[in-house]
Amino acid sequence: MGDTGTIELDDDLADNECRQFTLPDDSSGFVIRHRGHVYAYRNLCPHLGIELNWLPDQFMDPDHCFIQCANHGALFTVDDGHCIAGPCAGDQLIPLALERNRGRLIIRV
């Protein structure tokens, strides 16, 4: 954890790898590397307001194409968090501001 309002993680994710982290309000977020880019989102399904994953760091569908809600199967695009299938179609995940600096991921919350 960095200064208040920032979280720092190692920038060592493999492609399609995710890493969950705790936010200052005790909710969680996650980062995901997909096709060479890194994205950060709150771990919150827009449909039920619960966490997306059942297992730690597991957010991708089996084909590693989309973020998937483990509770009801909704699919979200990785690059912008839009729900394309499931009961929350048209909604989107809440993105978190992310910077990469000297081998670190810096998430601003």
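The sheet contact formed by strand 8 (residues 97-101) and strand 9 (residues 104-108) spans five bridges and is antiparallel. Looking at the pairing, Asn101 lines up with Arg104 of strand 9. The loop that links strand 8 with its antiparallel partner strand 9 comprises two residues; one of these, Arg102, has a positive phi angle of about 50°.

Next up on the list: the packing of aromatic side chains. The geometry of an aromatic ring pair is captured by two quantities: the separation of the ring centres and the angle between the planes. In this structure the tally under the stated criterion is two aromatic pairs. For the ring pair Phe30 and Phe59, a centre distance of 4.0 Å and an interplane angle of 10° mean the geometry is stacked. With a gap of 29 residues between them, Phe30 in strand 3 (residues 28-34) and Phe59 in the loop between strand 4 (37-42) and strand 5 (67-68) connect regions that are remote in the sequence. Residue Phe30 shares its accessibility class with Phe59, and that shared class is buried. Among the aromatic side chains, those forming a connected cluster through ring pairs are Phe30, Tyr41 and Phe59.

Moving on: the sheet that holds strand 2 (residues 18-22). The strand order 2-3-4 describes an open sheet built from three strands, whose pairing is antiparallel. Edge positions in the open sheet fall to strand 2 and strand 4, since each of these has one partner strand only. Averaged over all pairs of adjacent strands, the angle between their axes in this sheet comes to 20°, without regard to strand direction.

Time to look at the sheet that holds strand 7 (residues 83-85). Strand order in the open sheet formed by three strands is 5-6-7, with antiparallel pairing between adjacent strands. The strands lining the two open edges of the sheet, one partner per strand, are strand 5 and strand 7. Here two bridges tie strand 6 (residues 75-76) to strand 7, and the two strands are oriented antiparallel to one another. Counterpart to Leu75 in the pairing with strand 7 is Ala85.

Our next topic: the pattern of salt bridges. For the structure shown, the criterion picks out seven salt bridges. Residues Asp11 and Arg33 are paired through a salt bridge, measuring 2.3 Å at the closest nitrogen-oxygen approach. With Asp11 in the loop between strand 1 (6-10) and strand 2 and Arg33 in strand 3, the pair connects residues that are 22 residues apart, well separated along the chain. Using a relative accessible area of 19% as the deciding quantity, one classes Asp11 as buried. Linked through salt bridges whose partners overlap, the residues forming this network are Glu8, Asp10 and Arg104.

Calculation notes
Residues numbered from 1 in each chain as written. Predicted model: local features only at pLDDT ≥ 70, side-chain atom pairs only at ≥ 80, totals over all residues. Heavy atoms only, no water. Pairing = 2+ DSSP bridges. Helix = DSSP H or I, 4+ residues; strand = E, 2+ residues; numbered from the N terminus. Phe/Tyr/Trp six-rings, centres within 6.5 Å; stacked < 30°, edge-to-face > 60°. Buried < 20%, exposed > 50% of the residue type's maximum accessible area, 1.4 Å probe, protein only. Axes fitted to C-alpha atoms, helices over the stretch in contact; angles between N-to-C directions. Salt bridge = Lys/Arg side-chain N within 4 Å of Asp/Glu carboxyl O.

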